[in-house]
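Spelled out from the first residue to the last, the chains are:
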Amino acid sequence: MNGVLIPHTPIAVDFWSLRRAGSARLFFLSHMHSDHTVGLTSTWARPLYCSPITAYLLHRHLQVSKHWIRALEVGESHVLPLDEIGRETMTVTLIDANHCPGSVMFLFEGYFGTILYTGDFRYTPSMLKEPALRLGKQIHTLYLDNTNCNPALVLPSQQEAARQIVKLIRKHPQHNIKIGLYSLGKESLLEQLALEFQTWVVLSPRRLELVQLLGLADVFTVEEKAGRIHAVDHMEICHSAMLHWNQTHPTIAILPTSRKIHSSHPDIHIIPYSDHSSYSELRAFVAALKPCQVVPIVSRQPYKGYFQDTLSPRLSVPLIPDSVQQYMSSSSRKPSFLWLLLEKRLKRPRTQGVVFESLEENADQSQTDRDSKKAKKENLSGDLEKQPSLHPLQIKKQLFPDLCSKARGGAVSLSESQKMVTVPTAPLGFSVHLRSTDEEFLSPETGEEIVVGPHLVPRGDKDGSAATGKQSAWMGQDSPLSNSSQAAPLLAPEFRGLALKYLLTPMNLFQARFSSRGFDQQVEKYHKPLLKDREESTE
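Residues numbered from 1 in each chain as written. Predicted model: local features only at pLDDT ≥ 70, side-chain atom pairs only at ≥ 80, totals over all residues. Heavy atoms only, no water.

## Considering the overall build of the protein
Inference 1: In terms of helices and strands, the protein carries 16 helices and 20 strands.
Inference 2: Each of the 539 residues in the protein was classed as buried or not, and the buried ones make up 52%.
Inference 3: Partitioning the intrachain contacts of the protein with sequence separation of at least 6 by distance along the chain shows that 65% fall at a separation of at least 24. (Helix = DSSP H or I, 4+ residues; strand = E, 2+ residues; numbered from the N terminus. Buried < 20%, exposed > 50% of the residue type's maximum accessible area, 1.4 Å probe, protein only. Contact = heavy atoms within 4.5 Å.)

Next up, the structure:
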(Lines give C-alpha, C1' and ligand atoms only; values in the text may rest on other atoms or scores of the structure.)
Protein backbone atom coordinates (compact mmCIF):
# COMPACT_ATOMS: atom_id res chain seq x y z
CA MET A 1 0.00 0.00 0.00
CA ASN A 2 1.44 3.36 -1.08
CA GLY A 3 -0.30 5.55 1.48
CA VAL A 4 0.81 8.09 4.05
CA LEU A 5 -0.31 9.31 7.47
CA ILE A 6 1.18 12.81 7.65
CA PRO A 7 2.69 13.27 11.15
CA HIS A 8 1.40 16.00 13.47
CA THR A 9 -1.71 16.44 11.29
CA PRO A 10 -5.12 14.75 10.90
CA ILE A 11 -4.34 14.14 7.18
CA ALA A 12 -4.17 10.74 5.48
CA VAL A 13 -3.47 10.29 1.77
CA ASP A 14 -4.12 6.99 -0.02
CA PHE A 15 -4.38 5.34 3.41
CA TRP A 16 -7.55 3.33 4.05
CA SER A 17 -6.88 1.12 7.08
CA LEU A 18 -8.98 2.77 9.78
CA ARG A 19 -7.58 0.38 12.37
CA ARG A 20 -4.11 1.83 11.78
CA ALA A 21 -5.19 5.36 10.88
CA GLY A 22 -4.93 6.55 14.48
CA SER A 23 -5.67 10.27 14.65
CA ALA A 24 -6.31 10.74 10.92
CA ARG A 25 -9.62 12.50 10.21
CA LEU A 26 -9.22 13.89 6.67
CA PHE A 27 -8.78 11.33 3.89
CA PHE A 28 -7.55 12.06 0.37
CA LEU A 29 -7.28 9.83 -2.72
CA SER A 30 -4.66 10.76 -5.34
CA HIS A 31 -5.84 8.37 -8.09
CA MET A 32 -7.59 5.07 -8.69
CA HIS A 33 -4.71 2.62 -9.19
CA SER A 34 -5.19 -0.43 -7.00
CA ASP A 35 -1.98 0.00 -4.98
CA HIS A 36 -3.39 3.33 -3.74
CA THR A 37 -6.86 2.03 -2.86
CA VAL A 38 -5.96 -0.98 -0.69
CA GLY A 39 -8.62 -1.19 2.03
CA LEU A 40 -11.02 1.21 0.31
CA THR A 41 -14.37 -0.55 -0.19
CA SER A 42 -18.06 0.16 -0.59
CA THR A 43 -18.40 0.29 3.22
CA TRP A 44 -16.31 3.47 3.47
CA ALA A 45 -18.26 6.02 5.54
CA ARG A 46 -16.15 9.14 5.96
CA PRO A 47 -15.61 12.22 3.79
CA LEU A 48 -13.13 11.39 1.04
CA TYR A 49 -11.54 14.07 -1.14
CA CYS A 50 -10.40 13.51 -4.73
CA SER A 51 -10.61 14.89 -8.28
CA PRO A 52 -13.90 14.78 -10.26
CA ILE A 53 -12.74 11.96 -12.57
CA THR A 54 -11.52 9.90 -9.62
CA ALA A 55 -14.86 10.56 -7.89
CA TYR A 56 -16.70 9.10 -10.87
CA LEU A 57 -14.45 6.02 -11.05
CA LEU A 58 -14.52 5.55 -7.28
CA HIS A 59 -18.28 5.27 -7.18
CA ARG A 60 -18.51 3.38 -10.46
CA HIS A 61 -15.93 0.67 -9.73
CA LEU A 62 -15.61 0.50 -5.93
CA GLN A 63 -19.23 1.44 -5.15
CA VAL A 64 -18.24 3.98 -2.51
CA SER A 65 -21.34 5.97 -1.58
CA LYS A 66 -21.64 9.35 -3.28
CA HIS A 67 -22.72 10.69 0.13
CA TRP A 68 -19.06 10.55 1.26
CA ILE A 69 -17.27 11.54 -1.94
CA ARG A 70 -16.10 15.16 -2.13
CA ALA A 71 -15.03 16.05 -5.68
CA LEU A 72 -12.49 18.90 -5.57
CA GLU A 73 -11.84 20.84 -8.74
CA VAL A 74 -8.30 20.55 -10.08
CA GLY A 75 -6.31 23.78 -10.03
CA GLU A 76 -8.52 25.33 -7.34
CA SER A 77 -7.78 26.00 -3.67
CA HIS A 78 -10.22 24.58 -1.12
CA VAL A 79 -10.50 25.37 2.60
CA LEU A 80 -11.26 22.55 5.05
CA PRO A 81 -11.73 22.65 8.84
CA LEU A 82 -9.13 21.06 11.10
CA ASP A 83 -11.24 21.11 14.26
CA GLU A 84 -14.87 21.22 15.32
CA ILE A 85 -15.02 24.84 16.45
CA GLY A 86 -13.82 26.59 13.28
CA ARG A 87 -10.61 27.94 14.80
CA GLU A 88 -8.12 26.07 12.60
CA THR A 89 -8.39 25.48 8.86
CA MET A 90 -6.14 24.37 6.04
CA THR A 91 -6.03 25.01 2.31
CA VAL A 92 -5.66 22.14 -0.15
CA THR A 93 -4.92 22.65 -3.85
CA LEU A 94 -5.13 19.88 -6.45
CA ILE A 95 -2.52 19.82 -9.24
CA ASP A 96 -2.54 17.54 -12.29
CA ALA A 97 -0.10 14.67 -11.72
CA ASN A 98 0.27 13.58 -15.38
CA HIS A 99 0.05 9.93 -14.36
CA CYS A 100 -3.36 8.54 -15.24
CA PRO A 101 -6.92 9.89 -15.64
CA GLY A 102 -7.94 11.78 -12.51
CA SER A 103 -4.51 11.62 -10.83
CA VAL A 104 -3.55 14.68 -8.79
CA MET A 105 -0.95 16.03 -6.42
CA PHE A 106 -2.13 17.61 -3.15
CA LEU A 107 -0.65 20.85 -1.81
CA PHE A 108 -1.61 21.26 1.86
CA GLU A 109 -1.12 24.58 3.69
CA GLY A 110 -1.87 25.14 7.37
CA TYR A 111 -0.37 25.38 10.86
CA PHE A 112 1.99 22.56 9.83
CA GLY A 113 3.53 24.65 7.04
CA THR A 114 3.34 23.66 3.36
CA ILE A 115 3.26 19.99 2.35
CA LEU A 116 3.25 18.69 -1.24
CA TYR A 117 2.17 15.08 -1.79
CA THR A 118 2.89 14.08 -5.39
CA GLY A 119 1.27 10.66 -5.42
CA ASP A 120 2.32 8.84 -8.60
CA PHE A 121 3.36 11.49 -11.13
CA ARG A 122 5.37 12.07 -14.31
CA TYR A 123 7.15 15.39 -14.05
CA THR A 124 6.83 18.03 -16.75
CA PRO A 125 8.32 21.55 -16.51
CA SER A 126 4.81 23.02 -16.89
CA MET A 127 4.01 21.78 -13.37
CA LEU A 128 6.25 24.50 -11.96
CA LYS A 129 4.05 27.07 -13.72
CA GLU A 130 1.00 26.06 -11.70
CA PRO A 131 -0.18 29.09 -9.70
CA ALA A 132 0.03 27.16 -6.44
CA LEU A 133 3.74 26.40 -7.04
CA ARG A 134 4.68 29.47 -9.07
CA LEU A 135 4.37 31.88 -6.16
CA GLY A 136 7.68 30.86 -4.66
CA LYS A 137 6.22 29.06 -1.67
CA GLN A 138 8.60 27.22 0.59
CA ILE A 139 7.72 23.52 0.54
CA HIS A 140 8.47 22.19 4.01
CA THR A 141 7.82 18.51 3.29
CA LEU A 142 7.75 16.89 -0.15
CA TYR A 143 6.22 13.40 -0.31
CA LEU A 144 7.78 12.16 -3.55
CA ASP A 145 6.97 9.37 -5.97
CA ASN A 146 10.27 7.48 -5.93
CA THR A 147 9.22 4.57 -8.17
CA ASN A 148 12.03 5.28 -10.65
CA CYS A 149 14.39 7.00 -8.21
CA ASN A 150 17.46 5.12 -9.36
CA PRO A 151 20.41 6.82 -11.09
CA ALA A 152 21.16 3.60 -12.94
CA LEU A 153 17.69 3.53 -14.53
CA VAL A 154 17.75 5.86 -17.54
CA LEU A 155 14.32 6.42 -19.09
CA PRO A 156 13.33 8.21 -22.29
CA SER A 157 10.64 10.86 -22.28
CA GLN A 158 7.11 9.71 -23.00
CA GLN A 159 7.35 11.32 -26.44
CA GLU A 160 10.53 9.41 -27.28
CA ALA A 161 9.09 6.13 -25.96
CA ALA A 162 5.97 6.68 -28.06
CA ARG A 163 8.16 7.15 -31.12
CA GLN A 164 9.86 3.83 -30.36
CA ILE A 165 6.44 2.13 -30.27
CA VAL A 166 5.43 3.73 -33.59
CA LYS A 167 8.70 2.61 -35.18
CA LEU A 168 8.18 -0.95 -33.95
CA ILE A 169 4.62 -1.12 -35.31
CA ARG A 170 5.79 0.22 -38.69
CA LYS A 171 8.18 -2.73 -38.93
CA HIS A 172 5.19 -5.09 -38.70
CA PRO A 173 2.61 -3.65 -41.13
CA GLN A 174 0.68 -6.92 -41.48
CA HIS A 175 0.59 -7.82 -37.78
CA ASN A 176 -2.04 -7.31 -35.14
CA ILE A 177 -0.74 -5.35 -32.15
CA LYS A 178 -1.54 -6.32 -28.56
CA ILE A 179 -0.70 -3.60 -26.05
CA GLY A 180 -0.64 -4.73 -22.42
CA LEU A 181 -1.91 -2.13 -19.95
CA TYR A 182 -3.19 -1.76 -16.43
CA SER A 183 -6.88 -1.03 -15.98
CA LEU A 184 -6.26 2.73 -15.90
CA GLY A 185 -3.67 4.81 -17.73
CA LYS A 186 -1.97 5.33 -21.13
CA GLU A 187 -5.26 6.08 -22.88
CA SER A 188 -3.66 9.05 -24.67
CA LEU A 189 -0.95 6.72 -26.02
CA LEU A 190 -3.65 4.50 -27.55
CA GLU A 191 -5.27 7.54 -29.13
CA GLN A 192 -1.94 8.67 -30.55
CA LEU A 193 -1.36 5.26 -32.14
CA ALA A 194 -4.87 5.18 -33.60
CA LEU A 195 -4.38 8.58 -35.21
CA GLU A 196 -0.89 7.68 -36.45
CA PHE A 197 -1.96 4.43 -38.14
CA GLN A 198 -5.56 5.42 -38.98
CA THR A 199 -7.02 2.35 -37.33
CA TRP A 200 -9.53 1.56 -34.64
CA VAL A 201 -8.24 0.58 -31.19
CA VAL A 202 -10.16 -2.35 -29.72
CA LEU A 203 -10.93 -2.00 -25.99
CA SER A 204 -12.87 -3.82 -23.32
CA PRO A 205 -16.32 -2.33 -22.57
CA ARG A 206 -15.04 -1.03 -19.23
CA ARG A 207 -12.11 0.81 -20.79
CA LEU A 208 -14.32 2.17 -23.57
CA GLU A 209 -16.52 3.75 -20.91
CA LEU A 210 -13.41 5.39 -19.46
CA VAL A 211 -12.17 6.89 -22.74
CA GLN A 212 -15.65 8.27 -23.39
CA LEU A 213 -15.42 9.98 -20.01
CA LEU A 214 -12.06 11.49 -20.94
CA GLY A 215 -13.24 12.93 -24.23
CA LEU A 216 -10.58 11.38 -26.45
CA ALA A 217 -10.98 11.13 -30.21
CA ASP A 218 -13.61 8.69 -31.43
CA VAL A 219 -11.14 6.00 -32.46
CA PHE A 220 -12.11 3.29 -29.97
CA THR A 221 -14.42 0.29 -30.30
CA VAL A 222 -15.29 -3.00 -28.65
CA GLU A 223 -15.61 -4.84 -31.97
CA GLU A 224 -12.82 -7.41 -31.97
CA LYS A 225 -12.11 -7.37 -35.71
CA ALA A 226 -12.56 -3.64 -36.31
CA GLY A 227 -8.89 -2.66 -35.94
CA ARG A 228 -5.40 -4.10 -35.68
CA ILE A 229 -4.45 -2.48 -32.35
CA HIS A 230 -5.90 -4.19 -29.28
CA ALA A 231 -5.53 -2.97 -25.69
CA VAL A 232 -5.48 -5.96 -23.33
CA ASP A 233 -4.73 -6.51 -19.67
CA HIS A 234 -0.96 -6.72 -19.16
CA MET A 235 -1.37 -10.10 -17.47
CA GLU A 236 -2.81 -11.55 -20.69
CA ILE A 237 0.46 -11.15 -22.54
CA CYS A 238 2.39 -14.38 -22.06
CA HIS A 239 3.97 -17.18 -24.06
CA SER A 240 0.79 -19.27 -24.41
CA ALA A 241 -1.28 -16.28 -25.46
CA MET A 242 1.24 -15.37 -28.16
CA LEU A 243 1.07 -18.91 -29.56
CA HIS A 244 -2.73 -18.75 -29.60
CA TRP A 245 -2.92 -15.32 -31.27
CA ASN A 246 -0.39 -16.22 -33.93
CA GLN A 247 -2.36 -19.32 -34.91
CA THR A 248 -5.06 -17.08 -36.40
CA HIS A 249 -3.09 -13.96 -37.41
CA PRO A 250 0.51 -12.72 -37.14
CA THR A 251 0.68 -10.83 -33.85
CA ILE A 252 3.20 -8.90 -31.78
CA ALA A 253 2.74 -7.68 -28.21
CA ILE A 254 4.00 -4.48 -26.60
CA LEU A 255 4.38 -3.83 -22.87
CA PRO A 256 4.87 -0.07 -22.32
CA THR A 257 6.48 -0.05 -18.88
CA SER A 258 9.70 0.93 -17.11
CA ARG A 259 9.62 -2.23 -15.01
CA LYS A 260 12.18 -4.93 -15.57
CA ILE A 261 10.18 -7.72 -17.17
CA HIS A 262 11.52 -10.88 -18.78
CA SER A 263 10.11 -11.43 -22.25
CA SER A 264 8.79 -14.97 -22.51
CA HIS A 265 8.35 -14.84 -26.29
CA PRO A 266 10.43 -13.23 -29.10
CA ASP A 267 7.41 -11.24 -30.26
CA ILE A 268 6.81 -9.65 -26.83
CA HIS A 269 8.50 -6.24 -26.81
CA ILE A 270 9.09 -4.15 -23.67
CA ILE A 271 9.22 -0.40 -24.38
CA PRO A 272 10.20 1.93 -21.48
CA TYR A 273 7.10 4.14 -21.68
CA SER A 274 6.49 5.16 -18.07
CA ASP A 275 3.88 7.18 -16.21
CA HIS A 276 6.36 7.71 -13.35
CA SER A 277 9.07 10.37 -13.26
CA SER A 278 12.59 9.35 -14.21
CA TYR A 279 15.51 9.97 -11.87
CA SER A 280 16.69 12.99 -13.86
CA GLU A 281 13.17 14.43 -13.81
CA LEU A 282 12.93 13.93 -10.05
CA ARG A 283 16.24 15.75 -9.66
CA ALA A 284 14.95 18.69 -11.70
CA PHE A 285 11.67 18.80 -9.76
CA VAL A 286 13.29 18.74 -6.32
CA ALA A 287 15.98 21.24 -7.35
CA ALA A 288 13.29 23.69 -8.49
CA LEU A 289 11.16 23.37 -5.33
CA LYS A 290 14.03 23.21 -2.79
CA PRO A 291 11.91 21.59 -0.06
CA CYS A 292 13.11 21.31 3.53
CA GLN A 293 12.81 17.53 3.45
CA VAL A 294 11.89 14.76 0.99
CA VAL A 295 9.91 11.71 2.13
CA PRO A 296 9.64 8.78 -0.32
CA ILE A 297 6.15 7.42 -0.94
CA VAL A 298 7.08 3.94 -2.21
CA SER A 299 8.51 2.12 0.79
CA ARG A 300 9.69 -0.94 -1.15
CA GLN A 301 11.90 1.20 -3.38
CA PRO A 302 15.31 1.96 -1.80
CA TYR A 303 15.85 5.63 -1.10
CA LYS A 304 19.35 6.83 -0.36
CA GLY A 305 18.84 10.53 0.23
CA TYR A 306 19.71 11.47 -3.36
CA PHE A 307 18.45 15.04 -2.97
CA GLN A 308 20.32 16.25 0.12
CA ASP A 309 22.30 18.78 -1.91
CA THR A 310 19.15 20.59 -3.08
CA LEU A 311 17.23 20.85 0.22
CA SER A 312 16.49 24.00 2.22
CA PRO A 313 17.25 24.14 5.97
CA ARG A 314 14.96 22.00 8.11
CA LEU A 315 12.37 23.66 10.31
CA SER A 316 11.26 22.70 13.80
CA VAL A 317 8.35 20.33 14.32
CA PRO A 318 5.12 22.35 14.26
CA LEU A 319 3.03 22.68 17.39
CA ILE A 320 -0.41 21.15 17.05
CA PRO A 321 -3.09 23.66 18.10
CA ASP A 322 -5.20 22.58 21.07
CA SER A 323 -8.42 22.50 19.06
CA VAL A 324 -6.80 20.24 16.44
CA GLN A 325 -5.39 17.95 19.12
CA GLN A 326 -8.86 17.59 20.61
CA TYR A 327 -10.31 16.85 17.17
CA MET A 328 -7.60 14.24 16.43
CA SER A 329 -8.07 12.54 19.79
CA SER A 330 -11.87 12.44 19.71
CA SER A 331 -13.25 8.99 20.39
CA SER A 332 -15.35 8.85 17.24
CA ARG A 333 -13.54 8.88 13.91
CA LYS A 334 -16.76 9.66 12.08
CA PRO A 335 -17.31 13.37 11.39
CA SER A 336 -19.71 15.08 13.75
CA PHE A 337 -22.64 17.15 12.59
CA LEU A 338 -20.80 20.29 13.75
CA TRP A 339 -17.71 19.42 11.67
CA LEU A 340 -19.84 18.79 8.58
CA LEU A 341 -21.51 22.13 9.10
CA LEU A 342 -18.13 23.86 9.34
CA GLU A 343 -16.95 22.05 6.23
CA LYS A 344 -19.90 23.43 4.31
CA ARG A 345 -19.83 27.00 5.62
CA LEU A 346 -16.12 27.75 5.31
CA LYS A 347 -15.44 30.44 2.76
CA ARG A 348 -12.33 30.40 0.61
CA PRO A 349 -10.55 33.63 -0.30
CA ARG A 350 -11.96 35.24 -3.41
CA THR A 351 -9.81 35.65 -6.49
CA GLN A 352 -9.68 38.94 -8.35
CA GLY A 353 -10.29 39.25 -12.04
CA VAL A 354 -12.62 37.63 -14.52
CA VAL A 355 -12.88 33.98 -15.48
CA PHE A 356 -13.85 33.82 -19.15
CA GLU A 357 -15.69 31.07 -20.93
CA SER A 358 -14.51 30.24 -24.44
CA LEU A 359 -15.01 32.80 -27.19
CA GLU A 360 -16.83 30.18 -29.25
CA GLU A 361 -19.46 29.70 -26.58
CA ASN A 362 -19.89 33.44 -26.12
CA ALA A 363 -20.19 33.81 -29.90
CA ASP A 364 -22.97 31.22 -29.96
CA GLN A 365 -24.81 33.07 -27.21
CA SER A 366 -24.33 36.44 -28.92
CA GLN A 367 -25.81 35.09 -32.14
CA THR A 368 -28.76 33.69 -30.22
CA ASP A 369 -29.27 37.05 -28.51
CA ARG A 370 -29.42 38.83 -31.86
CA ASP A 371 -31.87 36.30 -33.26
CA SER A 372 -34.32 36.43 -30.38
CA LYS A 373 -34.78 38.57 -27.29
CA LYS A 374 -36.43 35.62 -25.66
CA ALA A 375 -33.13 33.72 -25.69
CA LYS A 376 -31.68 36.31 -23.32
CA LYS A 377 -34.14 35.28 -20.65
CA GLU A 378 -33.50 31.57 -20.93
CA ASN A 379 -31.68 29.78 -18.17
CA LEU A 380 -28.00 29.05 -18.86
CA SER A 381 -28.49 25.34 -18.41
CA GLY A 382 -31.40 25.48 -20.83
CA ASP A 383 -29.17 27.17 -23.38
CA LEU A 384 -26.62 24.41 -23.08
CA GLU A 385 -29.23 21.73 -23.55
CA LYS A 386 -30.50 23.36 -26.78
CA GLN A 387 -27.17 24.27 -28.33
CA PRO A 388 -25.25 21.81 -30.52
CA SER A 389 -22.75 19.68 -28.64
CA LEU A 390 -19.84 22.05 -29.19
CA HIS A 391 -19.14 22.23 -25.48
CA PRO A 392 -20.72 19.17 -23.87
CA LEU A 393 -18.30 18.86 -20.97
CA GLN A 394 -19.56 21.54 -18.61
CA ILE A 395 -20.08 20.62 -15.00
CA LYS A 396 -23.60 21.31 -13.90
CA LYS A 397 -24.03 21.99 -10.22
CA GLN A 398 -27.38 21.72 -8.49
CA LEU A 399 -28.02 23.01 -5.00
CA PHE A 400 -29.62 20.63 -2.51
CA PRO A 401 -32.34 22.56 -0.65
CA ASP A 402 -32.30 20.05 2.19
CA LEU A 403 -28.54 19.86 2.45
CA CYS A 404 -28.26 21.63 5.81
CA SER A 405 -30.77 19.37 7.47
CA LYS A 406 -28.92 16.30 6.23
CA ALA A 407 -25.47 17.72 6.93
CA ARG A 408 -24.17 16.49 3.62
CA GLY A 409 -22.27 19.60 2.55
CA GLY A 410 -18.84 19.66 0.97
CA ALA A 411 -15.96 22.04 1.42
CA VAL A 412 -16.57 25.53 0.11
CA SER A 413 -14.97 26.81 -3.07
CA LEU A 414 -13.37 30.13 -3.91
CA SER A 415 -16.64 31.47 -5.22
CA GLU A 416 -20.18 30.29 -5.53
CA SER A 417 -20.42 30.87 -9.25
CA GLN A 418 -20.55 27.96 -11.65
CA LYS A 419 -17.07 26.84 -12.73
CA MET A 420 -15.52 24.95 -15.58
CA VAL A 421 -13.13 22.11 -14.68
CA THR A 422 -10.06 21.65 -16.87
CA VAL A 423 -9.27 17.94 -17.01
CA PRO A 424 -5.51 17.70 -17.38
CA THR A 425 -5.43 14.13 -18.55
CA ALA A 426 -6.68 14.97 -22.02
CA PRO A 427 -4.02 14.22 -24.66
CA LEU A 428 -2.01 16.59 -26.83
CA GLY A 429 -2.82 19.71 -24.86
CA PHE A 430 -6.58 19.35 -25.08
CA SER A 431 -8.65 20.96 -22.35
CA VAL A 432 -11.98 19.30 -21.70
CA HIS A 433 -14.99 19.93 -19.50
CA LEU A 434 -17.17 17.45 -17.68
CA ARG A 435 -20.66 17.10 -19.02
CA SER A 436 -23.54 16.48 -16.67
CA THR A 437 -25.39 13.21 -17.00
CA ASP A 438 -26.40 10.91 -14.19
CA GLU A 439 -23.39 10.80 -11.85
CA GLU A 440 -23.67 13.33 -9.01
CA PHE A 441 -21.24 13.84 -6.16
CA LEU A 442 -21.12 16.24 -3.25
CA SER A 443 -19.01 19.14 -4.38
CA PRO A 444 -16.78 21.37 -2.30
CA GLU A 445 -18.82 24.25 -3.66
CA THR A 446 -21.01 25.14 -0.66
CA GLY A 447 -22.87 21.86 -0.58
CA GLU A 448 -23.77 21.70 -4.25
CA GLU A 449 -23.69 18.55 -6.33
CA ILE A 450 -21.08 18.04 -8.99
CA VAL A 451 -22.28 15.94 -11.91
CA VAL A 452 -19.83 13.82 -13.87
CA GLY A 453 -20.91 11.90 -16.92
CA PRO A 454 -19.29 9.65 -19.49
CA HIS A 455 -19.50 12.02 -22.46
CA LEU A 456 -16.43 14.22 -22.75
CA VAL A 457 -14.89 15.61 -25.92
CA PRO A 458 -11.81 17.72 -26.65
CA ARG A 459 -12.13 21.48 -26.70
CA GLY A 460 -9.00 22.42 -28.65
CA ASP A 461 -5.41 23.12 -27.76
CA LYS A 462 -4.04 25.50 -25.17
CA ASP A 463 -4.28 28.44 -27.52
CA GLY A 464 -7.95 27.82 -28.09
CA SER A 465 -7.56 26.48 -31.62
CA ALA A 466 -9.14 23.30 -32.86
CA ALA A 467 -7.30 20.06 -33.51
CA THR A 468 -5.42 20.01 -36.78
CA GLY A 469 -3.85 17.54 -39.18
CA LYS A 470 -4.52 13.87 -38.56
CA GLN A 471 -6.16 14.60 -35.26
CA SER A 472 -8.81 16.92 -36.70
CA ALA A 473 -9.79 14.30 -39.24
CA TRP A 474 -10.78 11.98 -36.43
CA MET A 475 -12.59 14.40 -34.14
CA GLY A 476 -16.05 14.37 -35.71
CA GLN A 477 -19.07 13.87 -33.48
CA ASP A 478 -20.96 11.56 -35.81
CA SER A 479 -18.12 9.43 -37.12
CA PRO A 480 -14.48 8.91 -36.23
CA LEU A 481 -13.61 9.50 -39.86
CA SER A 482 -15.55 12.71 -40.36
CA ASN A 483 -13.84 16.08 -40.49
CA SER A 484 -14.38 18.48 -37.60
CA SER A 485 -15.70 21.94 -38.26
CA GLN A 486 -13.41 24.93 -38.24
CA ALA A 487 -12.87 26.62 -34.90
CA ALA A 488 -13.99 30.18 -34.34
CA PRO A 489 -11.36 32.90 -34.89
CA LEU A 490 -9.26 33.83 -31.89
CA LEU A 491 -11.39 36.94 -31.40
CA ALA A 492 -14.64 37.22 -33.33
CA PRO A 493 -15.37 40.75 -34.63
CA GLU A 494 -18.48 41.06 -32.51
CA PHE A 495 -16.41 40.46 -29.38
CA ARG A 496 -13.60 42.90 -30.05
CA GLY A 497 -15.83 45.69 -28.77
CA LEU A 498 -16.72 43.64 -25.71
CA ALA A 499 -13.07 43.00 -24.94
CA LEU A 500 -12.39 46.73 -25.10
CA LYS A 501 -15.31 47.38 -22.79
CA TYR A 502 -13.81 44.99 -20.23
CA LEU A 503 -10.59 47.00 -20.30
CA LEU A 504 -12.52 50.23 -19.70
CA THR A 505 -14.72 48.88 -16.90
CA PRO A 506 -13.76 49.56 -13.24
CA MET A 507 -12.90 46.33 -11.42
CA ASN A 508 -15.06 47.19 -8.43
CA LEU A 509 -18.10 46.86 -10.67
CA PHE A 510 -17.81 43.10 -10.87
CA GLN A 511 -19.52 40.90 -8.31
CA ALA A 512 -17.97 37.53 -7.54
CA ARG A 513 -21.28 35.70 -7.62
CA PHE A 514 -21.72 36.28 -11.35
CA SER A 515 -20.83 33.69 -13.97
CA SER A 516 -18.68 34.80 -16.90
CA ARG A 517 -21.80 35.50 -18.96
CA GLY A 518 -23.09 37.49 -16.04
CA PHE A 519 -19.94 39.58 -16.25
CA ASP A 520 -20.72 40.29 -19.90
CA GLN A 521 -24.16 41.51 -18.92
CA GLN A 522 -22.70 43.74 -16.20
CA VAL A 523 -20.23 45.27 -18.65
CA GLU A 524 -22.93 45.93 -21.23
CA LYS A 525 -25.16 47.43 -18.54
CA TYR A 526 -22.34 49.72 -17.39
CA HIS A 527 -21.50 50.99 -20.88
CA LYS A 528 -25.04 51.31 -22.22
CA PRO A 529 -25.77 54.74 -20.60
CA LEU A 530 -22.25 55.92 -21.47
CA LEU A 531 -22.83 55.02 -25.11
CA LYS A 532 -26.21 56.73 -25.07
CA ASP A 533 -24.68 59.93 -23.68
CA ARG A 534 -21.99 59.81 -26.33
CA GLU A 535 -24.54 59.46 -29.11
CA GLU A 536 -26.57 62.36 -27.74
CA SER A 537 -23.49 64.57 -27.48
CA THR A 538 -22.56 63.90 -31.11
CA GLU A 539 -26.05 64.91 -32.24
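From this point, the discussion proceeds with the structure in view.
## Observations regarding the side chain of Thr9
Inference 1: Within the fold, Thr9 resides in the loop between β1 (4-5) and β2 (11-13).
Inference 2: Within the structure, the side chain of Thr9 is placed 2.8 Å from the backbone oxygen of Ile6, a separation counted as a polar contact.
Inference 3: Sequence-distant contacts of Thr9, defined by excluding residues within four places in its chain, comprise Ser23, Tyr111, Phe112 and Met328. (Polar contact = N/O pair within 3.5 Å; in protein donor to acceptor, adjacent residues only side chain to side chain.)

## Digging into the side chain of Ser312
Inference 1: Summarising the element assignment, Ser312 is placed in the loop between β17 (293-296) and α9 (322-328).
Inference 2: Residue Ser312 is classed as buried on the basis of its relative accessible area, which comes to 16%.
Inference 3: The contacts of Ser312, once residues within four sequence positions are left out, are Gln138, Lys290, Pro291 and Cys292.

## Let's talk about the nonpolar core
Inference 1: Formed by 54 residues in total, the largest nonpolar core has its most connected members in Leu193 and Phe220.
Inference 2: A domain-level breakdown of this core finds at least three residues from each of domain 1 (4-151 + 278-324) and domain 2 (158-271).
Inference 3: Residues within four places of Leu193 in sequence aside, it is in contact with Ile165, Val166, Ile169, Ile179 and Ile229.
Inference 4: Val92, Tyr117, Tyr143 and Tyr327 belong to the second-largest nonpolar core, a separate cluster that totals 27 residues. (Core = buried A, V, L, I, M, F, W, Y, C linked by side-chain atoms within 4.5 Å. Domains from an automatic or database assignment.)

## A short note on helix α2 (residues 52-62)
Inference 1: Every buried residue belonging to α2 is among Pro52, Ile53, Thr54, Ala55, Tyr56, Leu57 and Leu58, and all of these are buried.
Inference 2: With its phi angle positive at about 60°, Gln63 sits one or two positions after the end of α2.

## Some points on unusual backbone geometry
Inference 1: In this structure, Gln198 is a non-glycine residue whose phi angle is positive, near 50°.
Inference 2: Note on placement: Gln198 falls in the loop between α5 (187-197) and β12 (201-202).
Inference 3: By relative accessible area, which is 42% here, Gln198 ends up partly exposed.
Inference 4: A positive phi is found at Lys290, a non-glycine position, where the angle reads about 50°.
Inference 5: Following the sequence through the fold, Lys290 ends up in the loop between α8 (279-289) and β17.

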